[in-house]
Structure formats: C-alpha cells, structure tokens
Amino acid sequence: MDSDLTKNAAFMDLYSRQIGAYGIETMGKLINMRVIIVGLQGVGVEVAKNLILAGPGSVVLCDDGATEMKDLGCNFFLCEEDVGNSRAASCASKLQELNSLVKVMVHTGGLTEELVSSADVLVMTTTNREELIRWNTFCRANVVEARDSRGKRVVRSAPIRFIAVAAAGALGYIFSDFGPEFTVADQTGEPPVQRVITHISNDKEGIVTLLDPTESELAKQADIADTEHEGFVTFSEVEGMYCKEEQGIRSHGHSLNTSGAWRAHEVWKRVPDFLLVDKSRGGDGVMKSNQYYVHVRDPKTGEYKKDTDRPDGLYWEAKFTHECVDIPSEDFVRDEDGNKLQRMTDVKEHYKLRIGDTTAYSTYQGGGILQQTYQPVTHHHVSLAESLQQPIASDANTLLSCDGDKEGLGWWYPMLHVLKQGLYRFQSMEGRFPYPNNIEEAERVVAYCKEYNSTMRSVQGFCGERAALSCPLDLNLEPRAPPSVEEIKGNAEKEGALEMLTSMGTPEERALLALAECNWSADDAMMLLFDDDRMKALEANVNVYKCLGAMRRLALAAGAELQPVAVFIGGVCAQEVVKHCGKYTPVNQWIHFDFIEVLPRTPLPPAITAPRGSRYDHIISVFGEDVLNKLLGVKTFMVGCGALGCELLKNFAMMGVACGPDGLITVTDGDRIEVSNLNRQFLFRKQHVKKAKSLTAADSVKQMNPSINVDALELLAMGETENTFNDDFWIGSGRANSSGEPMPGLHLSAQGGLDFVVNALDNVKARKYVDSRCVFYKKPLLESGTEGTKFNTMVVIPGATVSYDEGEAEAPEGEAIPMCTLRNFPSTIVHCIEWARGFFEDLFVTPIADLQEYLKAPAKYIADIREDAESYMMDSNQLHRALDKICDAEGMGLLPSVRAARAVKDGGYAACVKIAKEIFVAKYNHSMKDLQHQFPKDLVTKGKPFWAPPKRYPTVMELDLSDEFVVSFLISVANLVAVAFGLHPLPVNGIDANGQDYDTFVPENSTWRDVAALEAALPTEEIIWKPSSKKIEVEEKQDDESPSTAEESVQEMTEKLLSALDELASVSTDGLVAQPADFEKDLDLNFHIDFVTAASNLRASNYGIPRASRHKTKMIAGKIIAAIATSTACATALVGVELLKLIQDKSVAEHRDSTCNFAVNTFQMSEPTPATVIKGSGEKRNTPDPIRNPEMFDDSGNIDWDKVPVHRWKAYPDPHTKWDRLHISSSLSLEQAISFLRDEHNLKIISWLVTMKDENGKTTGVEIYGEPPVDTTIDEELLLQVAPLTLTDQKATVAIMRSQDIKNNQTYTRRWKLLKAMQGEEYKKKMHSSMRDLLEARVGPLGTKGCVPLELQLEIANEPGVEAVTPPIILDI
C-alpha cells in the first residue's frame, strides 16, 4: 500500500507537506477512514473542513437544522441564500470542492445504528447529554464478525472512536473515547534519533558511548527519553560484539546487531558543583567555583558547633575554594576515604546510554549505529457516562491544565467541569443553552452548578475522592469580594500598612484581605496572618466569590458561538480524529478550554446586545454593538497569504474585521499557488494553481462575506518595498502606496494608520523584519507559526511586552554541515541530499548563469581581461579569481561550460548523454578511487584509524543500468543539460492563447525520458581513471583566504591566464544558448527532484548509507516544513481571540501567548512576557556553540563557564526597554552628533554602520564612521615621535621600520595610517557633513522617510570598553 501511494504523483503532490508530518504509513490508514460529523455550525464545519483537507476516505455530514442568519458568522460555507435550508446540505458541495479524493455525503434524518456502525469515528458537535451518552454507549459496544485461522466465525470487539466537542461562548471542551484498549505506535511524532557509536562496554550495566564533540563536529547528544515508549534502541554496523555462547543465540541473537531492541537509560555522574561566587564572597558576578565542606568552630569556645542532623553530629558549612586557603586541614569534612568532601551534583552524560547486561557478547571492535525505536503503548478509555462523574483519567491526578496561572488556583479546571454539568442541565430543561447576556438564566446555571457540586462532594465523602469530581470549594459559602489596591489609593495610612506587610514577603492579595478583616490595623493583620485556620476560611470565601464570578461570566456567553473559539475546538477535534490511525497520543479523555479573558468584565445593557438578525449576532450578543463597529472599521496589515493567511482571512470575514466602509485589510504575498498548497490553504482550488495567492485569497474570501475590504498586493514586505508600505501606510491613512512612488515621510509622533499587524509568514527572517517595523512604528503585532503538530501564537503590545525577536538570535535554517563532510565524508542520508542539492547548483545554475553573461559579449569579456593581464594591472588574487572563473580546480568554469554548450549544440541529445556519463563516472567512480588511493582502508593517523566513525570507507560504483537510480541520474542529467544549453526551452510556466497553464519542460512523452533512448545514445568507450594530483581536504579551512601564491609568480600566473583566454576564444559561440535552472521542488516534470534523489542515493551507495525515498529527498532538499491544516486553524483561532482583546483594550495580563502540540496534547497559554527592562550594568557571557567552541565544554557536554569570555555593559537610559527611543536631528553634522551624544548622554560612537546589499545580493554592513579602537599595546606618544603625522606614508613607514624602540612594525604602521587619515581632508569633510547627507550618500534620498533608525555601536563615554546598551537611536529627518 505505502509503495503504491508513493508512486501516485498526484497523491504525493497534494499531501506532501502533510506526509512530512504524518508519514506515509499513517496516510495509508487515513485515506481509508470513514468519519461521521454531527452538527454543522461553527465547530462542525471546522472539523469537516480540516478533515476533508487531511484526506480520509469518506465524511458523512449530519445536520438537518435550518440555516439562520447568525450561522453565517461561524459557518463560512453558508450564504444568505441558504437561510432556511439544511445546514449540511447547504455546505456539502463546497466542502467537497476542498478535496476530490474524499467522498463527502449528507445524511438526512437522525442518526441510525446502521449509519454509525459503518463508521470508524463518530464526531458529535451537539450538546444534548442524553444523546451523547446513548451514542457513546453504542460505539463502545460495537463488534465485528470475522473468521479465525481455522475459518471459524468469531465476534470481536471493534469500538467506534467517539469524540464529543462543543464551543459555548468562551468555554470549550473535547471528550475522546477510543475504547477500552487502543494501541499507539508513536506517541510524540518526533523522528527517532540515530547516533554514531564509538564504544560499548562488556558489563552487567553495559555503557554505549556515542560520538562526542571532542571527536567530531558532527556529534549529537543522545536525546533519548528514558521512557517505556521512547527509551528503546537497536544496533547496526557494530564490529565485534558476537554472542559468545551458542545456546545464547536464541535470546541474544548472533550479534548485538541482530539482538533486537534494548531498553536504554540515561547515564548520570557525580561531579563537583560549581556555583556562582557572590561579590560579597570575593566573586566578580560571573566567576564560578567549587565548594568544600568544613566544620565550623564556636568563636568563643573554639569547639566545633553541633548539628544532630549531620552524620558526624557536627555543623558543616560550604566554603568556596578561595575561602579555604587559611582553614586548618583538620577542619575539613572528610569522606570515608579521608578525602576532603566537596559539594557535589549529578549531571547527565549526554553522550552515553546504559543498556543493561552485555557480558554475553565478545568485545567491541569498532563502528556502529544506534537507532532509537518506539515501542507501542496501550491506552485505556472509559465511557462518557462514567467519565462525566469522574473526568480525571485513572492514570492522572488532575484534569489537563491549559493555563499555568489558572492551574495554580487549584479549583479552576474542576470548576469548568462543574459548569459544563450546569449547562447540560439547563439544556435538558430548555432545549438550549442560556441566552447571551441574560443574567437571570446565567444565575440559574450557577445555581445548578452549586447543587451539582454539593452532590458530588457528598459522593466523594461516601465513596472516596476518586469516585467523582467536584470543585474543591464549598460553593455554598458566603462569597466575599477580594479587596483591591484601587480602593485604597490616596489613603496614605492604608497604603503604608499594605507596604509594611508586602515588604515582609506577604502576597499582596493576602495582605489586603488580612488588613480589611482587621480594619486596616497593620499589627492586628500581622497576628491574623499567623492564624492559618482563620486565613484559610477568609481565603475560601474570596475563592468562592471568584469561582462563582467566573461561572457567571462564562455562563453569560455560553449561548453564543464565538467564531475563534469554534475554530480552535474544531481544529483540536479534527486532529483527534486523525489519531485513530495510531499516531500521536489521544486525549486522556477530557480537555476543557476557556478564554474567559476575552469576555466583558460585567454584563452589558440589553440595548447593545440584542439580536439584529445579522450575520454578526453572535459577536453582538457577547460584546455589544460598539465592539462590532470597531471590528468593522479595522485597518490592518496581513503579511503572507499561505496557510495561515487563508485561515486568518476566513476568520476576519466571519468576525466582521474590516467589513465596514472604513475598514481595510492590506494583504501582501509574492508567491503563486502550487498543487501542494491545496492540502492546507483552503481558499485555493485546483483551478487556482499558478495564480497569485493574495489576489486569489481576496476573491475567495469575498464569497464568504461580500462586505470584507481587502487590498491584495503581490509584494514582499522588505526594505525594498518601503515606498509602498511607507510612513503614511503605518501611521497615516493606513492605505498602501500602490504606485510605489516616493511620498513625503511622517514623524513618528503621527497618530493613525494601522490598528494592528498580523504575521502569516513561514520564515524567521521575514517575521523579524515585520516585527522591527512594528517596533519602529509602535504597532501591535499578532504573531503565529506552525510546524507539523506544533503551533504557537504571540501578541506583541507596544511598550508592554517583548517583541518577536527580542533577545533571540535568528534561528538557523538547518544544521550546519562542514563542507569537507559533504564533499568527501558523508555519514547520513541528509549529508548526501545536501551534497546533491549543492551539486545541482554547481552543474545547472552557477556555471550556466556565468556562461549566459559571457555569451552576451564574449569577445569583449576576453579582451577586457587580456588588456588588464598584459599590462600587469592584476595582482595575484585577481589573477586567481580570473583563472578560477575560466576553469577552477574542480573542472568547472566558463571554458568547460562553453565546450559543453558547443558539444550539445553540435551533437544534440547524444552529447547530453555523453556529458551525463562523464559526470557519473567522475563523481561515483573516479572520485571514490581517489579517496581510496589517498586514504587506504587501513590508514592510521594520530594513532587512530583514519576511517573511524563517523567516516565511512567508500566503495566504487559502476555504470549499471539495472540500478534504477543510475538510470534516473543519467536521464535527469541529460535532460537538464539539454535545457541548460538550449536544446529545449527553459522550464518555465506560462499561459497559452486559451488562458490555460502550460509547462515548457521536455514533453512528458518525449523519447528523451525513455531508457531505450538513453541506452541508444550511451557511449561505450571506457573512461580511464588516473590518480588525481589534487589533495583531498580532510578538515575545514579556518578562513577563506586565497591560496598561497608562493609556488607561482605573477608572471607565471599571467601567462597561464593568457593561455586560458586563448583556449576560451578558440571555442565558437555561434548559436550557443545558456539557460540557468531555478530549482523548483514542486514541478515533477522538471527533473530537479529526480536529479537530487538519484544523485544523493548513488552517493549513499558509495558510502554504505541506506537510500531515501523521493518524498524524503524532496522534503530535505526543498527545505519543506511539515505542515497540517489543523495546526494552522488552531493557531489562527488563538490569534482571533487576541484580536478581540486588542479591540477591547484589554490589559496585558488578560492577553495570552501560547505554545501547543497536538501530538502530546500540550496546550499552554500564558501571559505575554513583559517588555525586557534593561537596567544597571554588568558582565555577560554569551552561550557558546559546541561546534565552534568545543573548548568551552567539559567531557560530559556541559558548558564550562569559566572558559567563556566576559563582556562589560551598562544600560542607558537606566532603565529602558526597546520600545523607548533616543532621537538625533538629521541636520546635525557628524561632529555635532558625536558631541551631542557625548555631552547630553555620555555616549561615545564606536561605529556607525548601514546595512546594504552588494552586487551579489548579499547583505553586508558598510561603515560610515568608525572610532579608532584603543590599542593598549601601542605607545602612541612614541609612535608620533618616531613618525609625525606631517610625514608622507612612505617616509613614515621607513621611520617606523628603522626605529629601535618599536618592535611590532606592522601594528604601529597600521595605527599611524589610521591617525593620519583622521587628519586628512576627506575625514574632515565627513565630520562636517550632516548626518542626513552621509546616510543619503549610502542609501539614496531620504525624503520619503520621517525618521530612520541608526545602526550605532556605542560605549559609555567616560568608561572606555564598557558597551552602552541603548534603545533604538532615531534620526529625525
């Protein structure tokens, strides 16, 4: 089945990102799944949408309910014409459009046992308790008939997975029942780790030692969780370790390699505990030291102090090493061996694992790969009826917490369960949930909750705590409102009493409660705080007040369906359905979610919440008409319109964002739609492929809400588009300057423009750019991201929270692999794939682009270089570069390219095949022979085998056409060469005369794609190997300096260059074409992924590495991030909740960031991190990189902080955050600006840079001004005596060289030239130029800018060497 799926190109294209998360095995199960969804309001349609995108076999929709106008605010596939018609029937066709591979059906009438029996999973989004219990009971009792191995009919249990979900206002829940037993093969979804082994001991507790950083920069820590699911490993390629006894083979295998899975445990060791030495004890604030225990003497008697808790009955004290210098030897505490006793700590051995008894095997000889393997885990679920009384699973102690602050209350999540029961009872009596903002009905729910809670507390009292779940509070107690600080503001006496208690460590609320109880007497309150029983009673009354208030607040909104909450619950539910396939941890069994912070703090007047017969009635009924009007008038900027962007636009349309006459969503995305997008980016359909994402999404979302206002642009948000997204856009009109023409800038004090910004991006660099603009203009930012089953959200509030990139280094795009490893010593398939991806660039991009440029004017190119060379105008470095451009050491360059182009032009497809064969032989045969020749298998270097792990000894490949990847390589290269040299048009996409897409690839039916054509054109001549004279690199070069030219003079190199130019000129360029490739992973006919797959797998075979599938290769080579629709939906739902809070001006404490992972059911909401306050001064050590700085780590892989360098810094202003600013007028000259910063702020400019792009598009920092650094090794007074600044450069150099007092001539000469430059006219001109002129000279006119941030490195002026940490420095234009 799996292999059949991988061969289905359409299937793999559609689901490629999802397969990256689920794996092909899970997809094979998913496509056969049958799902029934009951209820098609907001939650139901989200479940359906996400599931249909995921691709089950069939989805049956059940909802005969008549569409109401308010349903249009949650179900995006309903329109006004559907009002009065069945919800399921109305949206079925649109749901079917999402995925033609899924069969979407509608069932009319109520559920039947026959229908449910046909399903694998039943999802119920309705909330009738009796119906839920009935169908859950039926699902658990389901059985199937089958025949056993003898053909006898047997009946076995086959529970239908049952999932119940609901979104009631700001409350949501999911209940999951996968039956009495359900086996999960992979609970986490994380890829199993593979590690290189360097040793295995023969012991009762065998220790596996892994490759560590002292041996290779490819080393990785074990990272294997010590659990019964993840903590198992298998072995391969181990030399030695054979079973010593024949009778043990059955249990131990012939060798460790065939012994099966072993339980692996972490290895820990005890080491001295190095602690930070406080300055009061002689430390410097960063120094760490170990400690010794000493006996302390009584200063009066001289006797040792006593401590009966110590083993020797004496008092011990820990002293740092430097404090022990004068302590007598007899005062030290000794261990049983008589050694001084140190403070110790346990540290993990990151590169070791303990696997148990290995004494049955012979000794370890070398090599080996350790592979983590997951063991299946069985989960046990109980029925809904049983879990409604006790929702805490038998293997858990509490309900799952989704908010750390609420978890700390203890009663919050039990309260949500009790509230759910109160709502169920109300519904059973009224047939509905309470009307929104109906105080009387909300109070009825609270009364039901109190009654239910009392009953459950009684059950617990009679039957034990585990018999039921109640809120741990007695809800019948008299509620007491907690006193507030606001109530005592301005009352000096009360504020003083509060200060007195809180200064002693008493929490503020507890102190207020004690003071209020004691009539604000601080002394009496102090005594009360020591009376635990009385304080607990008071706090219980306060907690009851909070609990009942939360119930009431949630009940007031429970009758409404808040669209973001429905989206979130629907996403969680859809992902739970997928877990039926046996991947990821199923919910255990309940999760309760609440978003109470989004709700109004008090009930709203009926006049502003009454239904209007509008699609926005749900919003109005909870938040009122004023909030709706704010939503309608929003101006926002959404950056990106892929998966996140599609979901966000849909949510905006449902919530009414920018749906009023003054509202506007500016969305920009430079991408076009690909087939692989259709699986997640649900606003796009097959007919949209190749069209602009932003424009298409804008058109699609208007079908969901015709009133939404979207300005769709096809631009990237970047420095180059700031004329479009200019000051007026951000802080003026809020509308993009679509013309892109320069407009006058605005000062940052301007008010207006965007209300907030939403990121819908898929890369860190773009996110950080948008974040920097939000910080610059002080605009709120709603951020979200996904990766597989993981998703997160973040709200950035100007002046109050950290920004997206605050304090974070830019995340790397992937693991850095040393080039020598990629070129010659790969050890994993990833290395092979990365090499092949680079090989593609080296063959079909870089040299072909150079040839394309050359062919524009070949005679001029040759003449220009020849003129410079013949007149000796080129130095050795320039000569090297020119020679490499024509033909480098790797045999690449213009000369080989133009010869190849000539051969293809003259010889046609046969020449392409000949080139393909030559490349194959060079890379997979000859280069391997060179490796074997230079580094024989038995070579020993530095006392160790050269081919020790992770190096793998290579084997030579022959051109064998029975190997599918040899054939694929030759055909791919031949066709890519044909395209590169114009034998076939460049593979680009276009639109024909009929408006249809077409691909100008080598046609799908071309004989060039056939093996027969390849065999017919393949040359038979053998290519003879000759040992290469080029030395193969074993280690990375430490720098990028040009090679030494000692062996060749400039004269010799010039002659060689002139000869190369003659050869280049001898090749006719008539009719030659060069078409560089543009790597595209998602177009299967272009041979790009075919080439990388074949090239990497052939290389893997060279080194004995298992080959990879085409899909895995595509994921790695294309740097594709695994993605699923459910993560995207949930992330954007949480963004929608935060948007509603922004509109209501909620406090920072009411906002939530989130970090979630479906795979293991972690949903963590927390208050946003407050803006980092930078204050005071200090010293810092940057965390070292184990690859670049291995000397800063100990043998266990832990950082040795004593070896990490220290840097001093000081905050200015003290304190400040990044939201603050320092301003400089652009009219000031550089000299005046330096004086201004020094005199007004005590700051000294060390350097002023501007970030620019060079001619190759590479970002670089160009220095406008640099303060000469202080060099304490130079005697500047002596320097100026020997070489006054009045001398010429030549005379000064001679004077310094001849001086007997100056030893380091070169250092002094460089310093003299720097000082001389500061006296020159150019330097003086710079100092007298305005800041604006200097900046404009580098970046162009600044007339479109109101203000510009400066890149200044600053020091504290009167403290040389102390870095000044400041907020952004702004140049006012």
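Conventions adopted
Residues numbered from 1 in each chain as written. Predicted model: local features only at pLDDT ≥ 70, side-chain atom pairs only at ≥ 80, totals over all residues. Heavy atoms only, no water. Helix = DSSP H or I, 4+ residues; strand = E, 2+ residues; numbered from the N terminus. Rg over C-alpha atoms; globule rule 2.2 N^0.38 Å. Contact = heavy atoms within 4.5 Å. Buried < 20%, exposed > 50% of the residue type's maximum accessible area, 1.4 Å probe, protein only. Pairing = 2+ DSSP bridges. pLDDT = per-residue confidence, 0-100. Axes fitted to C-alpha atoms, helices over the stretch in contact; angles between N-to-C directions. Salt bridge = Lys/Arg side-chain N within 4 Å of Asp/Glu carboxyl O. Core = buried A, V, L, I, M, F, W, Y, C linked by side-chain atoms within 4.5 Å. 1 Å grid on protein atoms, 1.4 Å probe; cavity = no way out; pocket = protein on both sides within 12 Å on 5 of 7 lines; lining within 4 Å. Points joined across faces, edges and corners; volume = space filled by probe spheres on them. Arc of directions from axis to C-beta. Expected span 1.5 Å × (residues − 1). Polar contact = N/O pair within 3.5 Å; in protein donor to acceptor, adjacent residues only side chain to side chain.

### Side note on the overall build of the protein chain
And step 1. Helix and strand counts for the protein chain come out as 43 helices and 44 strands.
And step 2. For 1373 residues, the compact-globule formula gives about 34 Å, and the C-alpha radius of gyration of the protein chain, at 36 Å, lands near that figure.
And step 3. Each of the three principal axes of the protein chain carries a C-alpha extent, and together these read 100 × 95 × 85 Å.
And step 4. For the protein chain, the proportion of contacts with a sequence separation of at least 24, taken over those separated by at least 6, is 71%.

### Side note on the pairing of strand β30 (residues 790-796)
And step 1. The buried fraction of β30 is high, at 5 of 7 residues.
And step 2. Hairpin connection between strand β29 (residues 781-787) and β30: a loop of 2 residues separates the two successive antiparallel strands, and G788 in this loop has a positive phi of roughly 60°.
And step 3. Inspection of the sheet shows β30 paired to strand β35 (residues 1153-1157) by 4 bridges, in the antiparallel sense. Across the sheet, the residue bridging to K790 is N1157, located in β35.

### Overview of unusual backbone geometry
And step 1. Residue P949 is joined to P950 through a cis peptide bond whose omega torsion reads 10°.
And step 2. Mapping P950 onto the fold places it in the loop between β32 (944-945) and α32 (964-980).
And step 3. The linkage connecting D1214 with the following residue, P1215, adopts the cis geometry, with an omega of 0°.
And step 4. For P1215, the position within the fold is in the loop between β38 (1207-1211) and β39 (1222-1225).
And step 5. A positive phi is found at N1242, a non-glycine position, where the angle reads about 60°.
And step 6. Take N1242: it is sitting in the loop between α38 (1230-1241) and β40 (1243-1253).

### Some thoughts on the confidence of the model for the protein chain
And step 1. Of the residues in the protein chain, 95% have a pLDDT of 70 or more, and the chain-wide mean is 90.
And step 2. Model confidence for the protein chain, summarised as mean pLDDT per element, is weakest for strand β34 (residues 997-999) at 48 and strongest for strand β4 (residues 121-124) at 98.
And step 3. Across residues 807-814, where pLDDT falls below 50, the model places 7 contacts with residues more than four positions away in sequence or in other chains.
And step 4. Overall, residues 1038-1046 carries pLDDT values under 50, and its contacts beyond four positions in sequence, including any with other chains, amount to 5 contacts.

### So, the sheet that holds strand β2 (residues 58-62)
And step 1. Within the open sheet, the 7 strands sit side by side as β3-β2-β1-β4-β7-β8-β24. Their pairing is mixed. Looking at which strands have only one partner, the edges of the open sheet turn out to be β3 (103-107) and β24 (590-594). Strand-to-strand twist across the sheet, computed as the mean angle between neighbouring axes with direction ignored, equals 15°.
And step 2. Bridge count for β2 against β3 is 5 bridges, and the pairing is parallel. Directly across from V60, in β3, lies its bridge partner M105.
And step 3. Packing against the sheet, helix α5 (residues 87-97) makes contact with β2 and β3, and its axis sits at approximately 175° to β3.
And step 4. The sheet strands contacting helix α7 (residues 129-140) are β4, β7 (161-168) and β8 (171-177), and the helix crosses β7 at an angle near 160°.

### Here's the deal with the pairing of strand β22 (residues 369-373)
And step 1. As judged from the 3 bridges shared by strand β10 (residues 194-200) and β22, these two strands associate in the antiparallel manner. Along β22, the bridge assignment pairs R195 with L370.
And step 2. Direction of pairing for strand β12 (residues 232-236) relative to β22: antiparallel, over a ladder of 5 bridges. Looking at the pairing, T234 lines up with Q371 of β22.

### Comments concerning the sheet that holds strand β28 (residues 756-759)
And step 1. With respect to topology, 8 strands assemble into an open sheet ordered β27-β26-β25-β28-β29-β30-β35-β36, the strand pairing being mixed. Taken across any chain shown, the strands that pair with only one partner, and hence form the sheet edges, are β27 (710-713) and β36 (1162-1166). In this sheet, neighbouring strand axes are inclined to one another by 10° on average, regardless of whether the strands run parallel or antiparallel.
And step 2. As judged from the 4 bridges shared by strand β26 (residues 664-668) and β27, these two strands associate in the parallel manner. Its bridge partner lying in β27, I665 is registered against V710.
And step 3. The strands touched by helix α24 (residues 764-777) within the sheet are β25 (635-639), β28 and β29, with β29 carrying the most contacts at an inclination of about 170°.

### Points about the environment of T1126
And step 1. If you trace the backbone, T1126 turns up in helix α37 (residues 1125-1143).
And step 2. A relative accessible area of 4% places T1126 in the buried class.
And step 3. Considering only alpha carbons, one finds T1126 and A574, 552 residues apart in sequence, at a separation of 6.8 Å.
And step 4. In this view, T1126 contacts Y22, N50, G571, A574, Q575 and F1158; residues no more than four positions away in its chain are not counted.

### Brief notes about the pattern of salt bridges
And step 1. This model, assessed by the stated rule, comprises 67 salt bridges.
And step 2. D594 is the partner of K406 in a salt bridge, and the nearest nitrogen-oxygen pair spans 2.6 Å. In this pair, K406 sits in helix α10 (residues 404-407) while D594 sits in strand β24, placing the two residues 188 residues apart along the sequence. One exposure class covers both K406 and D594, and it is buried.
And step 3. In this structure, K546 and E509 form a salt bridge, with 2.8 Å as the shortest nitrogen-oxygen distance.

### Things to note about the nonpolar core
A general feature of soluble globular proteins is that nonpolar side chains tend to end up buried together.
And step 1. Membership of the largest hydrophobic core comes to 169 residues, with the highest contact counts inside it found for L95, M551, F568, F593, M638, F652 and F1163.
And step 2. If you tally residues by element for this core, the top one is α37, at 12 residues.
And step 3. In contact with M551, other than residues within four places in its own chain, are M415, V418, L419, V446, C449 and L475.

### Description of empty space enclosed by the protein
And step 1. Counting across every chain of the model gives 9 cavities of 30 Å³ or more.
And step 2. Mapped by element, the contributors of at least two residues to the lining of the largest cavity are α37 and β35.
And step 3. It is α37 that contributes the most residues to the lining of the largest cavity, 3 residues altogether.

### Description of helix α27 (residues 846-856)
And step 1. If you check which residues of α27 are buried, you get P847, I848, L851, Y854 and L855. End-on, the buried residues of α27 take up no more than an arc of 115°, which puts them together on one face. Across from the buried face of α27, at angles greater than 90 degrees, the exposed residues are E853 and K856.
And step 2. Close packing links the buried residues of α27 with α26 (829-844), α28 (858-870), α30 (894-907), α32 and α34 (1050-1066).

### Here we look at α24
And step 1. Across its 14 residues, α24 extends 20 Å between first and last C-alpha, which sits within 8% of the 20 Å expected from 1.5 Å per residue.
And step 2. With respect to burial, α24 is a largely interior element, 10 of its 14 residues being buried.
And step 3. Taken as a whole, α24 has its buried residues at A766, R767, K768, V770, D771, R773, C774, V775, F776 and Y777.
And step 4. One or two positions beyond α24, positive phi appears at K778, with a value near 55°.

### What to know about the side chain of T125
And step 1. Looking at the secondary structure, you find T125 in the loop between β4 and α7.
And step 2. Taking relative accessible area as the criterion, T125 reaches 15% and is therefore assigned buried.
And step 3. Polar side-chain contacts of T125 include one of 2.7 Å to the backbone oxygen of V38.
And step 4. Engagement of the side chain of T125 in a polar contact is seen with the backbone oxygen of G39, the distance being 3.3 Å.

### Quick look at the environment of T1093
And step 1. Here T1093 lies in helix α35 (residues 1088-1102).
And step 2. Here the alpha-carbon distance between T1093 and Y1265, two residues 172 residues apart in the chain, equals 49 Å.
And step 3. With near-sequence residues (within four places) excluded, T1093 lies in contact with F965, R1110 and T1113.

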